[in-house]
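# Structure assessment
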Number of protein chains: 2
Amino acid sequence: MTPFKLSDQLIEEIELLIESKNDTALQNMFGEFHYADVAEIIHELNLEEATYIIKLLESDKTSDVLAELDEDVREQILENMSAKEIAEELGELDTDDAADIIAELSRERAQEVIAQIEDEEHAKDIVELLRYDENSAGGLMAKELVKVNENWNVLKCVKEMRIQAEHVTRVHSIYVVDDDEKLKGRLSLKDLLTTSTKTQISEVYIPKVDYVKVTDKAEEVAKLMQKYDLEAVPVVDELGRLAGRITIDDIVDVIKEEADKDYQLAAGITQEVEADDSIIELTRARLPWLVLGLIGGLGSVFILEGFEEIMVNPSYRGLFFYTPLIAAMAGNVGVQSSAIIVQGLANDVVKGSLLNRLVKEVSLTLINGSVLACLIVIFGFLMDNPINFSLTIAISMMTVIVVAALIGTFIPIILHKKGIDPAIATGPFITTSNDIFGIFLFFYIAKLILGF
Amino acid sequence: MTPFKLSDQLIEEIELLIESKNDTALQNMFGEFHYADVAEIIHELNLEEATYIIKLLESDKTSDVLAELDEDVREQILENMSAKEIAEELGELDTDDAADIIAELSRERAQEVIAQIEDEEHAKDIVELLRYDENSAGGLMAKELVKVNENWNVLKCVKEMRIQAEHVTRVHSIYVVDDDEKLKGRLSLKDLLTTSTKTQISEVYIPKVDYVKVTDKAEEVAKLMQKYDLEAVPVVDELGRLAGRITIDDIVDVIKEEADKDYQLAAGITQEVEADDSIIELTRARLPWLVLGLIGGLGSVFILEGFEEIMVNPSYRGLFFYTPLIAAMAGNVGVQSSAIIVQGLANDVVKGSLLNRLVKEVSLTLINGSVLACLIVIFGFLMDNPINFSLTIAISMMTVIVVAALIGTFIPIILHKKGIDPAIATGPFITTSNDIFGIFLFFYIAKLILGF
């Protein structure tokens, strides 16, 4: 394949063709593009142009394009379309993608659109999917799948599969159900390729099949599929009946979003935002953490004011020069400890007792701290600082970072145990609390040692 | 499925069975487990017990277990196995997994092992894969795939496919090649299901097929497969000949590692480490960033010393109480800006001109900054601070965070343009440089305004 490359030139060309209403040229040009590429192009056009293209192209392509667009762009385009036009697009989509789009519409609009979907079975499936939380297996699954009854013979099975497969983009597994629609097992396409065609389903199916429940969390489904290298997993309802199927491409998105979210939280950005989102969205995602940081900073102002008197003493006032250093070290160590724990919790690799973890984190920090303390003493020596002053700073810094590491380790673990997403504890939250703790401890220990 | 749950009880039970050498019970118990679960169990056992289990179980299961283990655990177990034993395990694995394991061995050991692999074709394939960089398409691909010649008829095709499919875990696509092994197109299994069996391959294959080159970067392959929702992609060599195939499960790992790596870098952790890695590995990953932070902190000590004289002046010395706040705000804003750019660059959503981005980031920071500045003035009012003092702090903080946002935005973009991973610029690097810049700017602007 010559990889598709979006260029300013291409966009200009398209804009000119739209302006001159050269529909044939546009149709020819877009006929060659993959829907994911069309979506990229749409993101570069203005609303009017984008709507023009969507209405011009055939709906089997535009439906996929719509599913691929960013939510905010899609919302604007859908506003320019009638309920009937939307319904036609959704008719072309798999139920899971259709349900995701409908879920973004207002309640009245959604009902209008659903009423206009021609294929009643499809509409019913979409309505069923709307019942589920979007972060659950039910919210991820599609109704499209290939299933056969255990009481059929292979002949009937193959015939039925051919019909069902028409609606299914990728078959993966053939699920076997009993007369009550309960999931019994699976057949692989490969088995069908390599098995004689004259066998009874109940004799050949594999009764061992991984499955998830409609209520399982998306995150858990992702972990299961990753661990067992599954490319598709059937979803059963409360009664064990086959309700849908989740494929790996949906899970890839969950994994990516989950990892991106942890990173954003670590950087003090709540909500899913992207570089190209609006300023208001970006402000909402970022300002709260900055305010938290500010409050923390004002807290440290109080603490430092408490030590104002030593400013008149030339031997001790140098401590104030070290506050940014101490705060930075406390923050850095805290963020390191918490990031590694948050990632470990997300990937299920945090095992063993809390005591072991405590011993390990403290040892690690003592090793790092000793190196840093030596550097501080050497720096003090080069600066001709009195040795007891340098030692004070080195010792308090060691204490501060050990405490910071413990806070960074245990806050995520505690949050996780309480069922709160531990990623919230990384980033500004840890940095800010460690700043305050760090500065307080630093001056308090210095006071104890130097005796001011 | 009843999900597998690792428990201390289960581990104890297994350890007792190993101690009493109750092989039958162990074989029965492990016979039920998925290899991914066995790998989890192995991680909890000591080396001796782990080796015992690996040697006890059948090699079709243990080979998968070995491929699933953490590198360091696997290394230890392989040391306890002969070259012949290892070769037997690798004979059971797909070429990509086998090559990954061999790549971890010493050169001599690897040659010994390869010489012992019975299936010469398999050994040859593995040796070929070892040629490629592990972060390239060649390093990710497996040799196992199903391919047919365009000149075959469907009858021959199906016969050949049955033979080939025996070696392939999941078939996905059937690739079509010409007599020179050049990739011509693909057939889908679904097409085969729904097409009459009496057709010529050259008449039915789809000539449009996405592919990657052996030298393409793993990251690029991941992006392509994600964008086009591919579950498998063929890999061609320099001459366009079909060389291998990459499946989505390998790409899931790439995506996850990439996102995790960005997060770790943001938190000041280089190298792929996990919570359960050794203290030495963790120190190597963390200490360099702490030293960087320390050097930055010592830099700010210098800057602050330059303003020592104002400590004797009760009207101005309060500025020192605000240094941690200023440093924290500069760090927070810088990390936010850089994280959003780094993620945007990784996901290819950073478009448009640099000037637009500059205007946007500055506007965003001015909005956030105004809110924060108001809070500072209100705080100063409550504290009975002189108004010009509060305003000075508010204004300098605004300037500091605008600069911090610009640094946070443009350093990643510049690094990216120079081909350096921009994620390196988030976290401690940005925090540290912003600390220094921030504190300097803060005092400098305060000096201009207050005129000391």
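Computed from a predicted model, the values in this text were never measured in an experiment.

UniProt records the feature "transmembrane region" (unreviewed entry) at residues 287–307, 319–342, 362–382, 389–415 and 427–450 of chain A, using the numbering of this structure. The span residues 287–307 of chain A shows a helical share of 90% and a strand share of 0%, and its end C-alpha atoms are spaced 31 Å apart.

Right, let's get into the side chain of A:Lys61. All names here are of chain A. Of note, Lys61 is situated in helix 5 (residues 59–68). Buried Lys61, no salt bridge; nearest opposite-charge side chain is Asp60, N-O distance 7.6 Å. At 2.8 Å, the side chain of Lys61 forms a polar contact with the backbone oxygen of Phe30. With near-sequence residues (within four places) excluded, Lys61 lies in contact with Phe30, Gly31, Glu32, Phe33 and Tyr35.

The next point concerns the environment of B:Leu78. With respect to the secondary-structure elements, B:Leu78 resides in helix 6 (residues 71–79). In this structure, the C-alpha to C-alpha distance between B:Leu78 and B:Ile54, residues 24 residues apart in sequence, is 9.9 Å.

All names here are of chain A. Summarising the element assignment, Arg74 is placed in helix 6 (residues 71–79). Using a relative accessible area of 6% as the deciding quantity, one classes Arg74 as buried. For Arg74, the side chain forms a polar contact with the main-chain oxygen of Leu69, separated by 3.2 Å. Beyond its immediate sequence surroundings of up to four residues, Arg74 is in contact with Leu66, Ala67, Glu68, Leu69, Ile101 and Glu104.

Next up on the list: the environment of A:Leu292. Residue and element names in this part refer to chain A. You can see Leu292 is positioned in helix 17 (residues 279–305). As for Leu292 and Ser173, which are separated by 119 residues in sequence, their C-alpha atoms are 50 Å apart. Filtering out sequence-adjacent residues up to four positions away, Leu292 remains in contact with Pro428, Phe429 and Thr432.

Moving on: the relation of the copies chain B and chain A. The operation linking the two copies of the chain is a rotation about an axis combined with a translation along the axis. The two copies are related by a screw operation: chain B maps onto chain A through 180° of rotation and 0.0 Å of translation along the axis, at an RMSD of 0.1 Å. Given the turn and translation reported, the copies of this chain are related as if by a two-fold rotation axis. In this assembly, 100% of the residues forming the interface of chain B have copies in chain A that are likewise at the interface, indicating an isologous arrangement.

Residues and elements named next belong to chain A. At their nearest, the axes of helix 5 and helix 7 (residues 83–92) sit 8 Å apart, and the two run at 90° to each other. Here helix 5 lies roughly perpendicular to helix 7, going by the angle between them. On helix 7, the residues touching Ser59, Asp60, Thr62, Ser63 and Leu66 of helix 5 are Glu88, Glu89 and Glu92. Here the contact of helix 5 with helix 7 is built from residues that sort into one nonpolar, three polar and four charged.

Another point: the interface of chain B and chain A. The interface is formed by 112 residues belonging to chain B together with 112 residues belonging to chain A. Around 11100 Å² of area is buried between chain B and chain A when both sides are counted, 63% of it from carbon and sulfur atoms. For the pair chain B and chain A, the interface holds eight salt bridges. A salt bridge links A:Glu308 to B:Arg317; its shortest N-O distance comes to 3.1 Å. Our enumeration of links across chain B and chain A arrives at 22 residue pairs in polar contact (both at pLDDT 80 or more). Ranked by residue count, the leading element in the side of chain B that touches chain A is helix 17 (residues 279–305) of chain B, at 17 residues.

We now examine the pairing of strand 2 (residues 173–177) of chain A. Residue and element names in this part refer to chain A. Judged by how many residues are buried, strand 2 sits mostly within the fold: five of five residues are covered. Burial along strand 2 is two-sided: Ser173, Tyr175 and Val177 facing one way and Ile174 and Val176 facing the other are all buried. Alignment of strand 1 (residues 146–149) against strand 2, held across four bridges, turns out to be parallel. Pairing of Val146 across the sheet is with Ile174, part of strand 2. Handedness of the β-α-β unit built from strand 1, helix 12 (residues 154–165) and strand 2 comes out right-handed. As judged from the five bridges shared by strand 2 and strand 3 (residues 183–188), these two strands associate in the antiparallel manner.

A few words on the sheet that holds strand 1 (residues 146–149) of chain B. Residues and elements named next belong to chain B. Across the sheet, three strands lie side by side as 1-2-3; this open sheet has mixed pairing. Only two strands of the sheet have a single neighbouring strand rather than two, namely strand 1 and strand 3 (183–188). Across the sheet, the mean angle separating the axes of adjacent strands is 35° when strand polarity is ignored. Packing against the sheet, helix 12 (residues 154–165) makes contact with strand 1, strand 2 (173–177) and strand 3, and its axis sits at approximately 155° to strand 1.

All names here are of chain B. Within strand 6 (residues 242–247), six of the six residues are buried, leaving the element largely enclosed by the surrounding structure. Judged from the five bridges that link them, strand 5 (residues 232–236) and strand 6 form a sheet pairing that is antiparallel. The residue of strand 6 that forms the bridge with Ala232 is Thr247. If you look at the hairpin formed by strand 5 and strand 6, you'll find five residues sitting between the two strands, and Gly240 has a positive phi there, around 85°.

Another point: a nonpolar patch on the surface. A cluster of nonpolar side chains, A:Phe302, B:Val371, B:Leu375, B:Ile378, B:Phe381, B:Leu382 and B:Met383, forms an exposed patch at the surface whose accessible area comes to about 670 Å². The element best represented in the nonpolar patch is helix 19 (residues 354–382) of chain B, accounting for five residues. With respect to the secondary-structure elements, B:Ile378 resides in helix 19. When its relative accessible area of 48% is taken as the criterion, B:Ile378 is described as partly exposed.

Taking 1.5 Å per residue as the helical rise, helix 19 (residues 354–382) of chain A with its 29 residues ought to reach 42 Å, and the 41 Å between its terminal C-alpha atoms agrees with that figure. Immediately beyond the C-terminal end of helix 19 of chain A, within one or two residues, lies A:Asp384, with a positive phi of roughly 60°.

Residue and element names in this part refer to chain A. Even without being glycine, Glu181 reaches a positive phi, approximately 70°. As for its position among the elements, Glu181 is in the loop between strand 2 and strand 3. The exposure class assigned to Glu181 is partly exposed, which follows from its relative accessible area of 31%. For Asp229, which is not glycine, the phi dihedral falls at a positive 50°. When you line up the elements, Asp229 lands in the loop between helix 15 (218–227) and strand 5 (232–236).

In this section: the sheet that holds strand 1 of chain A. Residues and elements named next belong to chain A. Spatial ordering of the open sheet is given by 1-2-3, a layout of three strands whose pairing is mixed. Looking along the sheet, the strands with just one partner apiece sit at the ends: strand 1 and strand 3. Averaged over all pairs of adjacent strands, the angle between strand axes in this sheet comes to 35°, irrespective of strand direction. Where helix 12 meets the sheet, its contacts fall on strand 1, strand 2 and strand 3, and the angle it forms with strand 1 comes to roughly 155°.

Per the UniProt annotation, the sites labelled "domain: CBS" (unreviewed entry) are residues 141–203 and 205–261 of chain A. In residues 205–261 of chain A, the share of helix is 42% and the share of strand is 23%. The end C-alpha atoms are 40 Å apart.

For the rest of this paragraph, the subject is the packing of aromatic side chains. Enumeration over the complete set of coordinates arrives at 18 aromatic pairs over all chains. Residues A:Tyr322 and A:Phe389 carry aromatic rings whose centres are separated by 6.0 Å and whose planes lie at 70° to one another, so their mutual orientation is edge-to-face. Taken together, the positions of A:Tyr322 in the loop between helix 17 and helix 18 (323–346) and A:Phe389 in helix 20 (residues 387–417) put the pair 67 residues apart, joining distant regions of the chain. With 5.3 Å between their ring centres and 75° between their planes, B:Phe442 and B:Phe443 make a pair best called edge-to-face. Here the two residues B:Phe442 and B:Phe443 agree in accessibility, since each one is buried. By the ring-pair criterion, three or more aromatic residues cluster together here, those being A:Phe307, A:Phe320, A:Phe442, A:Phe443 and B:Phe321.

Rules of the game
- Residues numbered from 1 in each chain as written.
- Chains lettered and ligands numbered in written order.
- Predicted model: local features only at pLDDT ≥ 70, side-chain atom pairs only at ≥ 80, totals over all residues.
- Heavy atoms only, no water.
- UniProt positions renumbered as here; feature names shortened; annotations may be inferred.
- Helix = DSSP H or I, 4+ residues; strand = E, 2+ residues; numbered from the N terminus.
- Buried < 20%, exposed > 50% of the residue type's maximum accessible area, 1.4 Å probe, protein only.
- Lys, Arg positive; Asp, Glu negative; His and termini not counted.
- Salt bridge = Lys/Arg side-chain N within 4 Å of Asp/Glu carboxyl O.
- Polar contact = N/O pair within 3.5 Å; in protein donor to acceptor, adjacent residues only side chain to side chain.
- Contact = heavy atoms within 4.5 Å.
- Least-squares fit on C-alpha atoms with pLDDT ≥ 70 in both.
- Axes fitted to C-alpha atoms, helices over the stretch in contact; angles between N-to-C directions.
- Parallel < 35°, antiparallel > 145°, perpendicular 65-115°, else oblique.
- Nonpolar A, V, L, I, M, F, W, Y, C, P; charged D, E, K, R; others polar.
- Buried area = accessible area lost by both parts, 1.4 Å probe.
- Pairing = 2+ DSSP bridges.
- Right-handed = clockwise from strand over helix to strand, strands pointing away.
- Patch = residues over 30% accessible without salt bridge, like charges linked within 9 Å, V, L, I, M, F, W, Y side chains within 5 Å.
- Areas by Shrake-Rupley, 256 points an atom, 1.4 Å probe, with all protein chains shown as cover.
- Expected span 1.5 Å × (residues − 1).
- Phe/Tyr/Trp six-rings, centres within 6.5 Å; stacked < 30°, edge-to-face > 60°.

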